[in-house]
Amino acid sequence: MSAIPRRIVKETKNLIKDPVPGIKTSIPDDDNLRYLTVEMEGPDNSPFAGGVFNLELYLPEEYPMEPPKIRFLTPLYHPNIDKLGRICLDVLKDHWSPAFQIRTVLLSIQQLLGTPNPDDPLLSDVADLCKNDNAKYCEVAKEWTKKYAIPSPKD
Amino acid sequence: MAIPRSFRLLEELEKGEKGGSQACSYGLADGEDVTMTNWNGTILGAPNSVHANRIYSVEIVCDNTYPDKPPKVRFTSKINLDCVDQTTGDIIIEKFNTMNNWKRSTTIEDVLLDLRKEMITPVNKALPQPKEGSTF
């Protein structure tokens, strides 16, 4: 096993010490600094507002030459996020640059929630609804948010 | 610091979706199963053998111990191999080296391709085979 590169140590430390507003990052296993869990608040003025969405993130051996691997664990209704939580986003694919950071990726994903891209969809049925009947799309997305992502009140 | 189960399985799924190998195919049994536990696979029978042109179906279960431990694999198509339980279709791990000496880097695809190689090992080559298309 190779040692964790300084860049990863620095980035993850910073993320935890100085988090992006609305995005909480944790390292569930101190023995594996490449694996992070994320709690992301849905952006205001989006059907995901009020929801908290869980994600998991893994920094492959090749990081930062390769992008982080990340997926949603909380279901959401979005044309660019499939049922396994996989995310279709250019910075996670061919628009990745080693100059980006985990922080950049998390912000882009949060932004994607508020501004779906139905012209490059992962789920064509959701994309069709998003484009042709946006009000209905927002309604379904809100329902899903309420069902899966609004923390139930603690008893 | 090894790749976690979920991302490992996502990688395998992606390769499978792109049609990883010509000799086998595999994918999630339920495309919406976020735990990615149950998989279906097919193996094209080994060429130059009684298995040539046959297509065998298998079920693969990757529980929480995968890939630290091997998946559970079962033939649903009937096949007569030394490492296949002839009543249930289950792989008998002790008789299948790839799973018996499991390495974390071994993938579902490796398992399927190695099962294909089993079809033409000396111990299996001469075994009589059930009628094509029968199931366990």
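Residues numbered from 1 in each chain as written. Chains lettered and ligands numbered in written order. Predicted model: local features only at pLDDT ≥ 70, side-chain atom pairs only at ≥ 80, totals over all residues. Heavy atoms only, no water.

### Topic: the sheet that holds strand E4 (residues 69-72) of chain A
With antiparallel pairing, four strands are arranged side by side in an open sheet as E1-E2-E3-E4 (chain A). With partners counted over all chains shown, the strands left at the sheet margins are strand E1 (23-26) and E4 of chain A, one partner each. Between one strand and the next, the sheet's axes are offset by a mean angle of 20 degrees, whatever the strand orientation. Inspection of the sheet shows strand E2 (residues 35-41) of chain A paired to strand E3 (residues 52-58) of chain A by seven bridges, in the antiparallel sense. Looking across to E3 of chain A, one finds that Thr37 of chain A is bridged to Glu56 of chain A. Against the sheet, helix H2 (residues 102-114) of chain A touches E1, E2, E3 and E4 of chain A, its axis set at about 35 degrees to E2 of chain A. Packing of helix H1 (residues 5-17) of chain B onto the sheet brings it into contact with E2, E3 and E4 of chain A, and relative to E4 of chain A it is tilted by some 100 degrees. (Pairing = 2+ DSSP bridges. Helix = DSSP H or I, 4+ residues; strand = E, 2+ residues; numbered from the N terminus. Axes fitted to C-alpha atoms, helices over the stretch in contact; angles between N-to-C directions. Contact = heavy atoms within 4.5 Å.)

### A word on the interface of chain B and chain A
In this complex, chain B contributes 16 residues to the contact, which on the side of chain A involves 16 residues. For the pair chain B and chain A, the summed buried surface comes to about 1400 Å²; carbon and sulfur atoms form 66% of the total. Applying the counting rule to chain B against chain A returns two salt bridges. With its nearest N and O atoms 3.3 Å apart, the salt bridge here joins Arg86 of chain A to Glu17 of chain B. Taken together, chain B and chain A are joined by four residue pairs in polar contact (both at pLDDT 80 or more). When residues of the side of chain B that touches chain A are assigned to their parent elements, the largest contribution, six residues, is made by H1 of chain B. Partitioned by chemical class, the residues of the side of chain B that touches chain A number ten nonpolar, two polar and four charged. (Buried area = accessible area lost by both parts, 1.4 Å probe. Salt bridge = Lys/Arg side-chain N within 4 Å of Asp/Glu carboxyl O. Polar contact = N/O pair within 3.5 Å; in protein donor to acceptor, adjacent residues only side chain to side chain. Nonpolar A, V, L, I, M, F, W, Y, C, P; charged D, E, K, R; others polar.)

### Focus on the UniProt feature "domain: UBC core" (unreviewed entry) in chain B
Those places that UniProt annotates as "domain: UBC core" (unreviewed entry) correspond, in this numbering, to residues 4-136 of chain B. As annotated, residues 4-136 of chain B comprises 24% helix and 17% strand, and the C-alpha atoms at either end are separated by 34 Å. (UniProt positions renumbered as here; feature names shortened; annotations may be inferred.)

### A few points about the pattern of salt bridges
Residue and element names in this part refer to chain A. A complete count under the given rule lists 17 salt bridges over all chains for this structure. Across the salt bridge formed by Arg71 and Glu56, the nearest N and O atoms sit 2.9 Å from each other. Of this pair, Arg71 sits in strand E4 while Glu56 sits in strand E3, and the two are 15 residues apart along the sequence. Exposure class is identical for Arg71 and Glu56. Each is buried. (Buried < 20%, exposed > 50% of the residue type's maximum accessible area, 1.4 Å probe, protein only.)

### What about the nonpolar core?
Ile70, Phe72, Ile87, Leu106 and Ile109 of chain A are the most contacted members of the largest nonpolar core, which has 38 residues in total. Among the secondary structure elements, those contributing two or more residues to this core are helix H1 (6-17), E2, E3, E4, H2, helix H3 (124-132) and helix H4 (134-149) of chain A. The leading source of residues in this core is H2 of chain A, at six residues. Among all residues touching Phe72 of chain A, those that are not within four sequence positions of it are Met40, Phe53, Asn54, Leu55, Ile81, Leu84, Gly85, Ile87, Ile109 and Leu113 of chain A. One finds Ile3, Phe7, Ile43 and Phe75 of chain B within the second-largest nonpolar core, a separate group that totals 35 residues. (Core = buried A, V, L, I, M, F, W, Y, C linked by side-chain atoms within 4.5 Å.)

### Digging into the sheet that holds strand E1 (residues 24-28) of chain B
Hydrogen bonds along the backbone pair up the strands of a sheet, which may run parallel or antiparallel. All names here are of chain B. Taken in spatial order, the four strands of this open sheet run E1-E2-E3-E4, and their pairing is antiparallel. Strands with a single pairing partner mark the edges of an open sheet, and in this sheet they are E1 and strand E4 (72-75). Within the sheet, the average angular offset between the axes of one strand and its neighbour, ignoring direction, is 20 degrees. Of the strand pairs in this sheet, strand E2 (residues 38-44) and strand E3 (residues 55-61) are connected by seven bridges, and their pairing is antiparallel. Across the sheet, the residue bridging to Asn40 is Glu59, located in E3. Each of E1 and E2 touches H1; the most contacted strand, E1, lies at about 130 degrees to it.

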